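# Understanding the architecture of this molecule
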Amino acid sequence: MLHNRKIAKRYAKAFAHEKMSEKDIDSLTGELKSFIFALESDNKIKEYFESPVNSKDSKAKIMRDLSGKIGFSDNIVSLVSVLIKKDRMNLLRDVYDELMINSDIIHKRIRVNLTTAYEPSADDIEKISKKVSDYFGRIAIVERSVDSSIIGGLVLEGDGKIMDMSIKGQLKKAFSE
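Residues numbered from 1 in each chain as written. Predicted model: local features only at pLDDT ≥ 70, side-chain atom pairs only at ≥ 80, totals over all residues. Heavy atoms only, no water.

### Some points on the layout of surface pockets
If you add up the space inside the largest pocket, you get close to 250 Å³. As for the largest pocket, its lining consists of Met 100, Ile 101, Asp 104, Ile 105, Arg 109, Ile 110, Arg 111, Arg 138, Gly 158, Asp 159 and Gly 160. If you list the elements that add at least two residues to the lining of the largest pocket, you get α6 (92-106) and β1 (109-116). Counting residues per element, the lining of the largest pocket draws most heavily on α6, at 4 residues. A class-by-class count of the residues in the lining of the largest pocket yields 4 nonpolar, 2 polar and 5 charged. Space inside the second largest pocket adds up to approximately 160 Å³. Elements that contribute at least two residues to the lining of the second largest pocket include exactly α2 (22-41), α3 (43-50) and α6. With 3 residues, the single largest contributor to the lining of the second largest pocket is α2. (1 Å grid on protein atoms, 1.4 Å probe; cavity = no way out; pocket = protein on both sides within 12 Å on 5 of 7 lines; lining within 4 Å. Points joined across faces, edges and corners; volume = space filled by probe spheres on them. Helix = DSSP H or I, 4+ residues; strand = E, 2+ residues; numbered from the N terminus. Nonpolar A, V, L, I, M, F, W, Y, C, P; charged D, E, K, R; others polar.)

### A closer look at the packing of α2 against α3
It is the contact of α2 with α3, at a shortest axis distance of 5 Å, that shows an interaxial angle of 105 degrees. If you check the angle between α2 and α3, you find them roughly perpendicular. Residue-level inspection shows Phe 35, Ala 38, Leu 39 and Ser 41 of α2 in contact with α3, the latter providing Asn 43, Ile 45, Lys 46 and Phe 49. Each residue belonging to the contact of α2 with α3 can be placed in one class, and the counts come to 5 nonpolar, 2 polar and 1 charged. (Axes fitted to C-alpha atoms, helices over the stretch in contact; angles between N-to-C directions. Parallel < 35°, antiparallel > 145°, perpendicular 65-115°, else oblique. Contact = heavy atoms within 4.5 Å.)

### Quick word on the packing of aromatic side chains
Here the structure, examined in full by the defined rule, presents 4 aromatic pairs. Seen from their ring centres, Phe 35 and Phe 49 are 6.0 Å apart, and the 80 degrees between their planes marks the pair as edge-to-face. Taken as a pair, Phe 35 in helix α2 and Phe 49 in helix α3 lie far apart in primary sequence, 14 residues in all. Residue classification places Phe 49 among the buried residues on the basis of a relative accessible area of 3%. Ring pairing ties together the aromatic residues Phe 35, Tyr 48, Phe 49 and Phe 72, which thus form one cluster. (Phe/Tyr/Trp six-rings, centres within 6.5 Å; stacked < 30°, edge-to-face > 60°. Buried < 20%, exposed > 50% of the residue type's maximum accessible area, 1.4 Å probe, protein only.)

### Some remarks on the pattern of salt bridges
Enumeration according to the criterion identifies 14 salt bridges in this entry. Lys 127 is the salt-bridge partner of Asp 123, the closest N and O atoms lying 3.3 Å from each other. Linking Asp 123 with Lys 127, this pair stays in helix α7 (residues 122-136), spanning 4 residues, or about one helical turn. Residue class for Asp 123 comes out partly exposed when judged on its relative accessible area of 44%. In this structure, Lys 161 and Asp 159 form a salt bridge, with 3.8 Å as the shortest nitrogen-oxygen distance. The exposure class of Lys 161 is partly exposed, given its relative accessible area of 40%. (Salt bridge = Lys/Arg side-chain N within 4 Å of Asp/Glu carboxyl O.)

### A word on the pairing of strand β3 (residues 154-158)
Each regular strand displays side chains that alternate between the two surfaces of the sheet. By the criterion of burial, β3 is predominantly enclosed, with 4 of the 5 residues buried. When β1 meets β3, the two strands line up antiparallel, connected through 5 bridges. Counted as the bridge partner of Asn 113 is Glu 157 from β3. As paired elements, β3 and strand β4 (residues 161-164) share 4 bridges and run antiparallel to each other. (Pairing = 2+ DSSP bridges.)

### Details of a nonpolar patch on the surface
Taken together, Ile 151, Ile 167, Leu 171 and Phe 175 make up a surface patch of nonpolar side chains, about 440 Å² in accessible area. For Phe 175, the location among the structural elements is in helix α8 (residues 167-176). Residue Phe 175 is classed as exposed on the basis of its relative accessible area of 72%. (Patch = residues over 30% accessible without salt bridge, like charges linked within 9 Å, V, L, I, M, F, W, Y side chains within 5 Å. Areas by Shrake-Rupley, 256 points an atom, 1.4 Å probe, with all protein chains shown as cover.)

Following this line, the structure appears as structure tokens:
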């Protein structure tokens, strides 16, 4: 899994680089998200692209035909064509995730997951987002999840860090010492 992530990172870096404009990287990630959604929502399309029985040339042709009908950019067609040619379609989701990381770097954003015991108010989310933005010096995109097992408080995950300020986390800490 980690090996695949490293390979996906290389593909993402090859197609989205520092010289790419914010608009271009947003377009690239948006189109790739749409393509992944199309693949994942239709098992026949997904099976076709993942099947070793179908030739790489036929898969590339289908991709070009789809892009003509849907209007995908040359960047997406090139990216997917390379993945097809190299038998790396299984990395598509990982490449997308890495492109999103590159996009966040270009836009000076950080994505954090906020876990609470209940759905927080919009005001609470805004306050937390501002504090996270101030702490990291980047625009915070807060993705939320609810987990009643944490009892109260919150858990923030982002930038490879976990800040557990939940009651459950505090109890675990107290009883493990």
